[in-house]
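# Residue-level structural notes
Spelled out from the first residue to the last, the chains are:
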Number of protein chains: 2
Amino acid sequence: MNEQAPQLPKGQLTRLAIIDAALRLATQVGLEGLSIGAVAEMMSMSKSGVFAHFGSREALQQAVVQAYHLRFEATVFQPAMRQARGLPRLRDMMDRWLVQLGLEIDTGCIYVSGATEFDDRPGPVRDTLIESVNTWLQALQRVVKQAIEEGHLHESTDPRQLASELHGLALVLHFEGRFLRDDQAMERARRSVNHLIARYQTQLET
Amino acid sequence: MNEQAPQLPKGQLTRLAIIDAALRLATQVGLEGLSIGAVAEMMSMSKSGVFAHFGSREALQQAVVQAYHLRFEATVFQPAMRQARGLPRLRDMMDRWLVQLGLEIDTGCIYVSGATEFDDRPGPVRDTLIESVNTWLQALQRVVKQAIEEGHLHESTDPRQLASELHGLALVLHFEGRFLRDDQAMERARRSVNHLIARYQTQLET
């Protein structure tokens, strides 16, 4: 039997429900499409009621990025950490990332839309987005480094280079799967993961 | 001495100048940020004057995508076609694409921003964007095929797979160079091109 989850104060629960609705909305329309009014309507709340929980649209946008980040960690990163260090962990992480990317072909992704919305708009939302993406890229690099230490990838492997190449296959899967509606995009992404791992198992020329 | 360029009718010249201003604006603010009013202001024209040339904002957006496409062909695709069939042509095309991508780290790119603006907004602008991207991916594939025919790439190479992987390194260069402001992004992209070509020169495992 599961133990009862600790009861959160009602204000906290409302805040989480608002963030959840806002994240669903932002995934579809982008962080810049997010308005306190639209979120209030989804929640059947007044605008001032939503406003009272965040104080500004920017604070709501930041909370949405943080919520996405935590969810990504919980579904992609943390379960993979239970796998053995090295290639098993890296492969598991990529498998889980591809599952997540597959879902986002239908829904959209706030990292991808946020990158073009905030690329020349400095401020706390962009800072939060960049920090979140960098945290993920650094986690990927650590797992690659472990695979080198375990002797599963060749010692000449540059972890930052491989992390970027994995990031690239994720971006092209999103672009070609979602925008171009190419139903072979996922299959190609899986092949790219295998190609990249096979390549970095041997000495590289360049 | 250059021959004089053939004189275009004045209406045609104005139309081209409007498209040029609109393309510069769309590169920064996205195709969806484009308004007849803002373009009219850039051109010191009346809104109705700009409107008369296009008839609708959508038609102006389409004209901008077509102008970007023609410029991309003229700077990336056509000069590379003067190189010998096979790897010389593919490498030259990638070099030129990387130069273009390097410029777009500063300016933005209407393909990347357009993909998230129009991913769930059907209509003529999305159709024009998709057609333009697909034309480029098909051109890349043809050049890859020629490299296989010339024996410069291994016969097991899947042209669509390699075209997507080259597309992926372009997308990650834009994302990490422009949004994350990572000044190593171009260097990694160059290495990825070399890695990909080296990999597809040999038999692949998968």
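Only a predicted model underlies this, so the values are computations on that prediction, with no experimental measurement involved. (Residues numbered from 1 in each chain as written. Chains lettered and ligands numbered in written order. Predicted model: local features only at pLDDT ≥ 70, side-chain atom pairs only at ≥ 80, totals over all residues.)

Helices and strands together make up the secondary structure of chain A, namely nine helices and zero strands. Mapped in sequence order, the helices and strands of chain A form the string α-α-α-α-α-α-α-α-α. Dimensions along the principal axes, computed over C-alpha positions, put chain A at roughly 60 × 45 × 30 Å. With 206 residues in all, chain A has 39% of them scored as buried. Long-range pairs, those at least 24 residues apart, make up 60% of the contacts in chain A with a sequence separation of at least 6. (Helix = DSSP H or I, 4+ residues; strand = E, 2+ residues; numbered from the N terminus. Buried ≥ 20, exposed ≤ 12 C-beta atoms within 10 Å, placed from the backbone. Contact = placed C-beta atoms within 7 Å.)

In this section: the interface of chain A and chain B. Interface size is commonly expressed as the accessible surface area that is lost when the partners come together. Between chain A and chain B, the residue contacts involve 33 residues of the former and 33 residues of the latter. Every element with two or more residues in the side of chain A that touches chain B is listed here: α6 (110–117), α7 (124–149), α8 (159–179) and α9 (185–199) of chain A. Ranked by residue count, the leading element in the side of chain A that touches chain B is α8 of chain A, at 12 residues. Each residue belonging to the side of chain A that touches chain B can be placed in one class, and the counts come to 12 nonpolar, 13 polar and eight charged. (Nonpolar A, V, L, I, M, F, W, Y, C, P; charged D, E, K, R; others polar.)

All names here are of chain A. Running from N to C, helix α1 (residues 10–29) and helix α2 (residues 36–43) point in directions that differ by 115 degrees, and their axes come no closer than 10 Å. The interaxial crossing formed by α1 with α2 has right-handed handedness. Only Ala38, Val39, Met42 and Met43 of α2 make contact with α1, whose side of the interface consists of Ala17, Ile18, Ala21, Ala22 and Leu25. Its residues placed into classes, the contact of α1 with α2 shows nine nonpolar, no polar and no charged. (Axes fitted to C-alpha atoms, helices over the stretch in contact; angles between N-to-C directions. Left-handed = near helix turned anticlockwise from the far one by under 90°.)

Turning our eyes to something else, we now look at the nonpolar core. Membership of the largest hydrophobic core comes to 104 residues, with the highest contact counts inside it found for Ala22 and Val64 of chain A together with Ala22 and Val64 of chain B. The residues touching Ala22 of chain A, leaving out its near neighbours within four places in the chain, are Leu34, Val39, Leu60 and Val64 of chain A. (Core = buried A, V, L, I, M, F, W, Y, C linked by C-beta atoms within 7 Å.)

With an RMSD of 0.0 Å, chain A superimposes on chain B once it is rotated by 180 degrees and translated 0.0 Å along the axis. Put plainly, the chains are arranged around a two-fold axis. Looking at the rotation axis and the C-alpha trace of chain A, the residue lying nearest is Gly168 of chain A, at 2.3 Å. A high fraction, 100%, of the interface residues of chain A reappear at the interface in chain B, so the copies pair face to face through one surface. (Least-squares fit on C-alpha atoms with pLDDT ≥ 70 in both.)

Let us look at the packing of α8 of chain A against helix α8 (residues 159–179) of chain B. Two numbers describe how α8 of chain A lies on α8 of chain B: the axes approach to 7 Å, and their chain directions differ by 105 degrees. Compared by their axis directions, α8 of chain A and α8 of chain B come out roughly perpendicular. For the pair formed by α8 of chain A and α8 of chain B, the contact residues are Ser164, His167, Gly168, Leu169, Leu171, Val172, Phe175 and Glu176 of chain A on the first element and Ser164, His167, Gly168, Leu169, Leu171, Val172, Phe175 and Glu176 of chain B on the second. (Parallel < 35°, antiparallel > 145°, perpendicular 65-115°, else oblique.)

Below, the discussion takes up helix α9 (residues 185–199) of chain B. Count 3.6 residues to each turn of an α-helix, and residues three or four apart come out pointing the same way. An ideal rise of 1.5 Å per residue puts 21 Å on 15 residues; α9 of chain B measures up with 21 Å between its terminal C-alpha atoms. When α9 of chain B is considered as a whole, its buried residues turn out to be Ala185, Arg188, Ala189, Ser192, Val193, His195, Leu196 and Arg199 of chain B. Buried residues along α9 of chain B sit in contact with α8 and α9 of chain A together with α5 (87–107) and α8 of chain B. (Expected span 1.5 Å × (residues − 1).)

Turning our attention to unusual backbone geometry. Residues and elements named next belong to chain B. With a phi close to 50 degrees, Ser44 is a non-glycine residue in the positive phi region. Topologically, Ser44 is positioned in the loop between α2 (36–43) and α3 (47–54). In this model, Arg181 sits at a positive phi of 55 degrees, which is unusual for a non-glycine residue.

For Gly114 of chain A, the position within the fold is in helix α6. Ignoring anything within four residues of it in the chain, the contact list for Gly114 of chain A reads Leu31 and Leu129 of chain A.

Among all positions of α9 of chain A, only Ala185, Arg188, Ala189, Ser192, Val193, His195, Leu196, Ile197 and Arg199 of chain A are buried. Looking at the buried residues of α9 of chain A, the elements they touch are α5 (87–107) and α8 of chain A together with α8 and α9 of chain B.

A few words now on the environment of Ala59 of chain B. Residues and elements named next belong to chain B. One can find Ala59 in helix α4 (residues 57–80). The exposure class of Ala59 is partly exposed, given the 14 C-beta atoms found within 10 Å. Remark: the alpha-carbon pair of Ala59 and Leu180, spanning 121 residues in sequence, is separated by 33 Å.

Residues and elements named next belong to chain A. Looking at chain A as a whole, the pLDDT averages 93, with 96% of positions reaching at least 70. In the model of chain A, α1 stands out as the element of lowest mean pLDDT, 92, in contrast to α8, which has the highest, 98. Interface confidence for the predicted complex, given as ipTM, is 0.93, next to a pTM of 0.93. (pLDDT = per-residue confidence, 0-100.)

Tracing the chain through its elements places Gly108 of chain B in the loop between α5 and α6 (110–117). Take Gly108 of chain B: there are 18 C-beta atoms within 10 Å of it, and that puts it in the partly exposed class. Apart from the residues within four sequence positions on either side, Gly108 of chain B is in contact with Asp119 of chain A together with Thr27, Gln28 and Ser113 of chain B.

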